[in-house]
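Spelled out, the chains give:
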Amino acid sequence: MDLAEFLLARITDDENTARGSTPGPWRWFPGRAGLPAFLESTGAKATHWVEGQSFQAPTVVLGTNQGVMLRVRGRDAEHIAAWHPTRVIAECRAKRALLDGVGSVDPVAYDLVLRSLAVPYADHPDYREEWRP
């Protein structure tokens, strides 16, 4: 596997993970005036039940686990909301467009772009240290 194949495979992995997740955009509500903090996806609707009545509303991403609220601190929740699946899919498309555009114009720049975009995947078992920029 060469560097271009490696990078395109990782971009595809990211995109497939995002496509399998609750769509975005997501919003983070830190909780105020006694209301709990939560993340929700405004891109997907779910059926919720309150006092026996059902209604359609945005999907609440964090809920309960055996009656215990799942805790995500403010900055972590803001990060999760910012990297929602819709944004990740758009980023994957942009990376592919960048590779297509640069690759057809300048081989030296293409190599630098490949090496730079591959760095976030350095912890992947198929990454090779000689690919570092």
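Look up: the structure comes first, before these words.
This text gives an overview of the structure that appears in the document.

Conventions we followed
- Residues numbered from 1 in each chain as written.
- Predicted model: local features only at pLDDT ≥ 70, side-chain atom pairs only at ≥ 80, totals over all residues.
- Heavy atoms only, no water.
- Helix = DSSP H or I, 4+ residues; strand = E, 2+ residues; numbered from the N terminus.
- Buried < 20%, exposed > 50% of the residue type's maximum accessible area, 1.4 Å probe, protein only.
- Contact = heavy atoms within 4.5 Å.
- Areas by Shrake-Rupley, 256 points an atom, 1.4 Å probe, with all protein chains shown as cover.
- Core = buried A, V, L, I, M, F, W, Y, C linked by side-chain atoms within 4.5 Å.
- Expected span 1.5 Å × (residues − 1).
- Polar contact = N/O pair within 3.5 Å; in protein donor to acceptor, adjacent residues only side chain to side chain.
- Salt bridge = Lys/Arg side-chain N within 4 Å of Asp/Glu carboxyl O.

A separate point is the overall build of the chain. Across its full length, the chain carries four helices and five strands. Taken from the N to the C terminus, the helices and strands of the chain come in the order α-β-β-β-β-β-α-α-α. For the chain, the residues scored as buried account for 28% of the 133 residues in total. Sequence-distant contacts, at least 24 apart, represent 43% of the contacts inside the chain between residues at least 6 apart. Of the roughly 8,800 Å² of accessible surface on the chain, a fraction of 55% belongs to carbon and sulfur atoms.

The subject of this paragraph is the nonpolar core. Grouped together as the largest cluster of nonpolar side chains are 18 residues, with contacts concentrated most on L3, F6, L7, I11, L99, L114 and A118. Only α1 (3-19), α3 (85-103) and α4 (107-118) provide two or more residues apiece to this core. No other element matches α1, which puts six residues into this core. In this structure I11 touches C92, K95, R96, L99 and Y121, once residues within four positions along its chain are discounted.

Right, let's talk about α1 for a bit. Relative to the 24 Å expected for 17 residues at 1.5 Å per residue, α1 spans 24 Å between its end C-alpha atoms, a close match to the ideal helical length. Within α1, the full set of buried residues consists of L3, A4, F6, L7, R10, I11, E15 and A18. Contacts from the buried residues of α1 go to α3 and α4. The N-cap residue of α1 is D2: its side-chain oxygen and the backbone nitrogen of A4 are 3.2 Å apart.

For the rest of this paragraph, the subject is the environment of A122. Structurally, A122 can be placed in the segment after α4. Taking the relative accessible area as the measure of exposure, A122 reaches 22% and is therefore partly exposed. Separated by 10 residues in sequence, A122 and R132 place their C-alpha atoms 8.5 Å apart. When near neighbours in sequence (up to four residues on either side) are disregarded, A122 contacts Y127 and R132.

With that out of the way, let us pick up the pattern of salt bridges. Here the structure, examined in full by the defined rule, presents six salt bridges. Of the charged contacts, one joins E15 and R96 as a salt bridge, the two residues approaching to 2.9 Å between their closest N and O atoms. Within this pair, whereas E15 is found in helix α1, its partner R96 is found in helix α3, the two being separated by 81 residues in sequence. Given the relative accessible area of 9%, E15 is considered buried. The exposure class assigned to R96 is partly exposed, which follows from its relative accessible area of 22%. For E129, the salt bridge goes to R132, with nearest N and O atoms at 2.8 Å.

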